[in-house]
Amino acid sequence: MPIFVVQKHDARRLHYDFRLEVDGVLRSWAVPRGPSTNPSDKRLAVPVEDHSLEYADFEGVIGEGYGAGSVIVWDTGDYENAGRLPMAEALAEGHAVFELQGRKLRGRWALQRVADDRWLLIKAADEHADREHDLLADRPESALSGRTIEDLG
Ligand code: MN
């Protein structure tokens, strides 16, 4: 099964990089406010450059230059394409649905393109939806190491 990863990235502005393995690379979106388990929240997701699969478990401090700042793997796991089309085609069409099997994020999610450089990341209303809790605040630690962004300094 392909993997997904959400890296919390304390760059010039804190954001979460949401990445899906598609055809051997990590297709990537920067999500300024991070994923929400509340189906009413439609989180802006700005497409950014693909990353190599090797980057999926990267945690550490990026030095000077673009993206400088600390990175933790906030969540990771497998995902399953829940749409009719292969993932690359679904993304080319601007609408993908998938089931996440992460340590924190679970269930069905959608990525919907609303403009060339603007997508929305939306939780579907299934048994894993949660309108009460804020996972980003409740579970700030790395899914791999337990460290927080603050631990990295
Ligand atoms: Mn980033």
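Reading the values: the criteria
Residues numbered from 1 in each chain as written. Predicted model: local features only at pLDDT ≥ 70, side-chain atom pairs only at ≥ 80, totals over all residues. Heavy atoms only, no water. Helix = DSSP H or I, 4+ residues; strand = E, 2+ residues; numbered from the N terminus. Rg over C-alpha atoms; globule rule 2.2 N^0.38 Å. Buried < 20%, exposed > 50% of the residue type's maximum accessible area, 1.4 Å probe, protein only. Contact = heavy atoms within 4.5 Å. Areas by Shrake-Rupley, 256 points an atom, 1.4 Å probe, with all protein chains shown as cover. Lys, Arg positive; Asp, Glu negative; His and termini not counted. Charge placed at Lys NZ, Arg CZ, Asp CG, Glu CD. Polar contact = N/O pair within 3.5 Å; in protein donor to acceptor, adjacent residues only side chain to side chain. Core = buried A, V, L, I, M, F, W, Y, C linked by side-chain atoms within 4.5 Å. Donors = N, O, S within 2.8 Å, 3.2 Å for Na, K, Ca; no water. Phe/Tyr/Trp six-rings, centres within 6.5 Å; stacked < 30°, edge-to-face > 60°.

Colleague: Before we go on, may I ask you to explain the overall build of the protein in this structure?
Modeller: Along the protein, the regular secondary structure elements total 3 helices and 9 strands. Its helices and strands in sequence order give the protein the pattern β-β-β-β-β-β-α-β-β-β-α-α, from N to C terminus. For the protein, whose C-alpha radius of gyration is 14 Å, the value lies close to the compact-globule estimate of 15 Å for 153 residues. Each principal axis of the C-alpha atoms in the protein carries an extent, and together these give about 45 × 35 × 30 Å. Residue burial in the protein is summarised as follows: out of 153 residues, 47% are buried. Nonlocal contacts in the protein, meaning residues at least 24 apart in sequence, comprise 55% of its contacts between residues at least 6 apart. Within the structure as shown, the protein displays about 7900 Å² of accessible surface, and the carbon and sulfur contribution to it stands at 47%. Measuring between centres, the 19 positive side-chain charges of the protein sit 5 Å from its 28 negative side-chain charges.

Colleague: Teacher, can you tell me more about the environment of glutamate 141 here?
Modeller: Structurally, glutamate 141 is set in the loop between helix H2 (135–138) and helix H3 (149–152). With a relative accessible area of 19%, glutamate 141 lands in the buried category. Distance from glutamate 141 to lysine 8, taken between C-alpha atoms, is 9.5 Å for residues 133 residues apart in sequence. When residues no more than four places from it in sequence are discounted, the contact partners of glutamate 141 are Ile72, Trp74, Lys104, Gly146, Arg147 and Thr148. Here arginine 139 takes part through its side chain, which lies 2.9 Å from a polar atom of the side chain of glutamate 141.

Colleague: Quick question: what am I supposed to make of the nonpolar core here?
Modeller: Side chains of nonpolar character tend, in soluble globular proteins, to be buried together. Judged by nonpolar contacts, the single largest core of 24 residues is most densely connected at Phe18, Leu20, Phe98 and Leu111. Looking at this core, the element that brings in the most residues is strand E2 (residues 14–22), giving 4 residues. If we ignore the near neighbours within four places in the chain, the residues touching leucine 20 are Ile3, Phe4, Val25, Leu26, Arg27, Trp29, Tyr79, Met87, Phe98 and Leu111.

Colleague: When you look at the coordination of the manganese ion in this model, what are you seeing that I'm missing?
Modeller: When a metal holds four donors in a tetrahedron, each ideal angle between them is 109.5 degrees; when it holds six in an octahedron, the ideal angles are 90 or 180 degrees. Coordination of the manganese ion by the protein comes from His9 (ND1), His15 (NE2) and Asp17 (OD), over a distance range of 2.1 to 2.3 Å. Each donor residue of the manganese ion belongs to the same chain, with the gaps between them written as H-x5-H-x1-D. Overall, the relative accessible area of 6% leaves aspartate 17 in the buried class.

Colleague: What is the right way to read unusual backbone geometry from this model?
Modeller: In most cases, non-glycine residues show a negative phi, while peptide bonds are predominantly trans. Although it is not a glycine, aspartate 23 sits at a positive phi angle of roughly 50°. Relative to the helices and strands, aspartate 23 resides in the loop between E2 and strand E3 (25–31). With a relative accessible area of 70%, aspartate 23 lands in the exposed category.

Colleague: Explain the packing of aromatic side chains here, please?
Modeller: Two descriptors summarise a pair of aromatic rings, namely the distance from one centre to the other and the angle between the planes of the rings. According to the stated counting rule, one finds 6 aromatic pairs in the structure shown. Relative to phenylalanine 98, the ring of tyrosine 79 lies with its centre 6.1 Å away and its plane at 75°, an arrangement referred to as edge-to-face. Within this pair, whereas tyrosine 79 is found in strand E6 (residues 69–81), its partner phenylalanine 98 is found in strand E7 (residues 95–102), the two being separated by 19 residues in sequence. Taken individually, tyrosine 79 and phenylalanine 98 each receive the classification buried, so the pair is uniform in this respect. Taken together through their ring pairs, the aromatic side chains of Phe4, Phe18, Tyr79 and Phe98 make up a single cluster.

Structural measurements only, silent on function.
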